[in-house]
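Observations on the three-dimensional arrangement
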Amino acid sequence: MRRSFAAGLAALTLLLLAGCGGSKASPSEVPEQPSEESAPPEPTAEELAAREIETILSSLTLEEKVGQLFFVRCPAEHAIEDIGTYHLGGYLLFGRDYQDAAGSWLTEEQFVQTITAYQDAALADTGIPLLIGSDEEGGTVTRASRNPNLFSSPFRSPQQIAAEAGGRGEAFAEDALEKSNGLKNLGINVNLSPVADVSTEPKDFIYDRTLGQDAQSTADYVASVVAAVREAGGMGSVLKHFPGYGNNVDTHTGIAVDQRSLESFFSSDFLPFQAGIRAGGGTAAVLVSHNIMTAVDETLPSSLSPAVHQLLREDLGFDGVVMTDDLAMDAVAAYAQDGAVAVLALEAGNDLIITTDYRTQIPKVMQALEAGELEESVIDAACRRVLTWKQTLGLLLPGERIS
């Protein structure tokens with residue numbers, strides 16, 4: 001309202017001054033006060049949200065913006081100190097983070113206190129809360145739910161849920177809602193799930209982590225899970241592993257080359273990702289694998305390929321956060337000169353870097369920026385999306401940020 005009043009006053013002053021150059025204005029020539037109808041409309045909620053992001057972005061130093069792009073494995077030592085040193089965007093938790101130094105399971109109180117300490121450190125540094133993530137796919141990949149002090153039993157796999165549901169379609173949504181609420185109560189705000197890969201062959205590396213059914217059934221499953229997580233509020237989903245694992249080998253130990261046609265991806269593998277993107281409403285991110293997708297890029301892993309990221313942005317229309325798979329994996333280690341693999345990942349179009357090696361990678365990114373090898377505009381675009389995701393998840397509450 002203050003801007004509307006000022007604009008109206010300025011316009012009135014100009015008109016009055018224009019009338020002072022000659023004869024005295026008649027009453028009919030005196031300009032009227034602006035009517036309510038002429039006042040500019042109030043900004044929408046979306047416009048206000050975008051302004052908040054721009055305000056935060058403009059207040060950050062370059063080092064702080066770079067730090068926001070790192071969603072790193074929580075270190076065994078100096079976890080609190082590193083939040084301030086590197087201005088980290090988030091911590092990804094693994095099994096050891098649910099245990100104490102002696103290997104005993106943390107109590108719920110101990111775990112919550114630890115996460116609270118991390119968030120307090122972030123607020124004291126940039127004022128921007130951390131993403132706190134955990135791989136809770138269910139079945140073979142679970143973290144928090146293996147701690148009996150936090151959950152009564154490990155989360156079930158998608159295939160287990162399907163088998164026990166007997167065709168009842170609501171089972172996936174109910175499980176996802178229960179899981180999300182349980183994780184939120186612990187201070188976790190990102191679940192790196194669901195697995196959107198299509199696999200129907202038990203011999204495939206990825207099979208046990210998938211629904212184990214065809215592309216359309218997998219798409220329905222993914223949409224159901226993501227919509228339920230969105231309904232829970234305050235929890236982000238991560239669709240993985242784009243562009244689709246298929247029957248590729250494990251990229252933790254080496255390079256996987258996928259020689260399928262692009263048409264096969266569009267008719268099968270992309271369907272669950274498209275369904276999850278539609279259902280997410282801004283709450284779902286996409287994780288990109290290290291598989292080489294020869295139909296799009298014959299040389300670079302998808303996580304480092306600008307062409308694959310362009311496909312995700314333009315052909316699938318995804319405008320949210322894109323993150324790498326762990327850059328410490330053997331499949332990407334040899335692709336960067338001087339080990340600066342995070343620089344390549346950011347140039348390719350990723351917004352968040354998942355890595356264990358952040359203490360090396362963040363300085364490498366800063367060096368590339370200082371040398372002019374990486375544009376600050378790339379950092380700004382990625383940081384804007386990361387901040388917007390945090391805002392969508394309810395982490396950026398008005399007035400909380402420390403200036």
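Residues numbered from 1 in each chain as written. Predicted model: local features only at pLDDT ≥ 70, side-chain atom pairs only at ≥ 80, totals over all residues. Heavy atoms only, no water.

1. Remarks on unusual backbone geometry
Cis rather than trans, the peptide bond between Ser193 and Pro194 has omega equal to 10 degrees. Looking at where Pro194 falls in the secondary structure, it is placed in the loop between strand S4 (190-191) and helix H8 (215-232). Omega for the bond connecting Lys240 with His241 falls within 30 degrees of zero, at 10 degrees, which places this linkage in the cis form. Checked against the element boundaries, His241 lands in strand S5 (residues 236-242). (Helix = DSSP H or I, 4+ residues; strand = E, 2+ residues; numbered from the N terminus.)

2. Regarding helix H9 (residues 262-280)
In H9, a bend of some 60 degrees at Phe270 exceeds every other bend along the element, and Pro272, a proline, comes one to four places later. Check the buried side of H9 and you find it contacts H8, S5, strand S6 (257-258), strand S7 (284-288), strand S8 (292-293) and helix H10 (306-315). Just past H9, the residue Gly281 takes up positive phi, approximately 55 degrees. (Bend = angle between axes of the 7 residues up to and from the residue. Contact = heavy atoms within 4.5 Å.)

3. Topic: the side chain of Ser237
As for its position among the elements, Ser237 is in strand S5. What Ser237 contacts, discounting residues up to four positions off in sequence, is Asn191, Ser193, Pro194, Val226, Val229, Thr283, Ala284, Ala285 and Trp389.

4. Overview of empty space enclosed by the protein
The tally for this structure, following the rule as stated, stands at one cavity of 30 Å³ or more. Its boundaries defined by the atoms lining it, the largest cavity holds a volume of some 160 Å³. Lining the largest cavity we find 20 residues, and of these Asp175, Ala176, Lys179, Ser193 and Val225 sit closest to its centre. Among the secondary structure elements, those contributing two or more residues to the lining of the largest cavity are helix H6 (158-165), helix H7 (171-185), H8 and S5. (1 Å grid on protein atoms, 1.4 Å probe; cavity = no way out; pocket = protein on both sides within 12 Å on 5 of 7 lines; lining within 4 Å. Points joined across faces, edges and corners; volume = space filled by probe spheres on them.)

5. Describing the nonpolar core
With 103 residues, the main nonpolar core has Phe70, Tyr91, Met323, Val365 and Trp389 as its most contacted residues. Residues in contact with Phe70, not counting those within four places in the same chain, are Leu88, Gly89, Gly90, Ala342, Leu352, Ile353, Thr355, Tyr358, Gln361, Ile362 and Val365. (Core = buried A, V, L, I, M, F, W, Y, C linked by side-chain atoms within 4.5 Å. Buried < 20%, exposed > 50% of the residue type's maximum accessible area, 1.4 Å probe, protein only.)

6. Quick notes on the sheet that holds S5
Strand order in the open sheet made by the seven strands is S1-S2-S3-S4-S5-S7-S9, with parallel pairing throughout. Here the strands that pair on one side only, and so sit at the sheet edges, are strand S1 (71-73) and strand S9 (322-324). Bridge count between S5 and S7: four bridges; the pairing is parallel. In the strand pairing of S7, Phe242 is matched with Val288. (Pairing = 2+ DSSP bridges.)

7. Digging into the packing of H6 against H7
Contact geometry for H6 and H7: axes closest at 9 Å, N-to-C directions at 130 degrees. Here H6 is positioned oblique relative to H7, judged by the angle of their axes. Crossing hand, H6 versus H7: right-handed. Listed contacts from H7 to Pro158, Ile161, Ala162 and Ala165 of H6 are Ala171, Phe172 and Asp175. Tallied by class, the residues present in the contact of H6 with H7 amount to six nonpolar, no polar and one charged. (Axes fitted to C-alpha atoms, helices over the stretch in contact; angles between N-to-C directions. Parallel < 35°, antiparallel > 145°, perpendicular 65-115°, else oblique. Left-handed = near helix turned anticlockwise from the far one by under 90°. Nonpolar A, V, L, I, M, F, W, Y, C, P; charged D, E, K, R; others polar.)

8. Re the pairing of S5
In terms of residue burial, S5 counts as a mostly covered element, since seven of its seven residues are buried. Judged from the two bridges that link them, S4 and S5 form a sheet pairing that is parallel. Its bridge partner lying in S5, Val190 is registered against Gly236. As for the winding sense of the linkage, the β-α-β connection from S4 through H8 to S5 is right-handed. (Right-handed = clockwise from strand over helix to strand, strands pointing away.)

9. Some remarks on the confidence of the model for the chain
Scored by pLDDT, the chain comes out at a mean of 89, with 88% of its residues at no less than 70. Per-residue pLDDT stays below 50 along residues 1-28; that stretch engages in seven contacts with residues further than four places along the chain or on separate chains. (pLDDT = per-residue confidence, 0-100.)

10. Quick word on the pairing of S7
In terms of burial, S7 is a largely internal element, five of the five residues being buried. Residues Ala284, Val286 and Val288 of S7 are buried on one face, and the alternating residues Ala285 and Leu287, pointing to the opposite face, are buried as well. For S7 and S9, the ladder comprises three bridges, and the chain directions are parallel. Looking across to S9, one finds that Leu287 is bridged to Met323.

11. Here we look at the environment of Leu93
Checked against the element boundaries, Leu93 lands in strand S2 (residues 90-93). Residues Leu93 and Ile188, 95 residues apart in the sequence, show an inter-C-alpha distance of 9.2 Å.

12. Brief notes about the packing of aromatic side chains
Counted by the stated rule, this structure contains ten aromatic pairs. The interplanar angle of 70 degrees and the centroid separation of 5.3 Å between the aromatic rings of Tyr91 and Tyr118 together place this pair among those described as edge-to-face. Placement of Tyr91 in strand S2 and of Tyr118 in helix H5 (residues 108-125) is noted, with a sequence separation of 27 residues between them. For the pair Tyr91 and Tyr118, a shared accessibility class is recorded, and that class is buried. Grouping aromatic residues by their ring pairs yields a cluster made of Phe242, Phe265, Phe266, Phe270 and Phe273. The ring of Phe155 carries the charged tip of Lys179 above its face, separated from the ring centre by 5.1 Å. (Phe/Tyr/Trp six-rings, centres within 6.5 Å; stacked < 30°, edge-to-face > 60°. Lys NZ or Arg CZ within 6 Å of the ring centre and 35° of its normal.)

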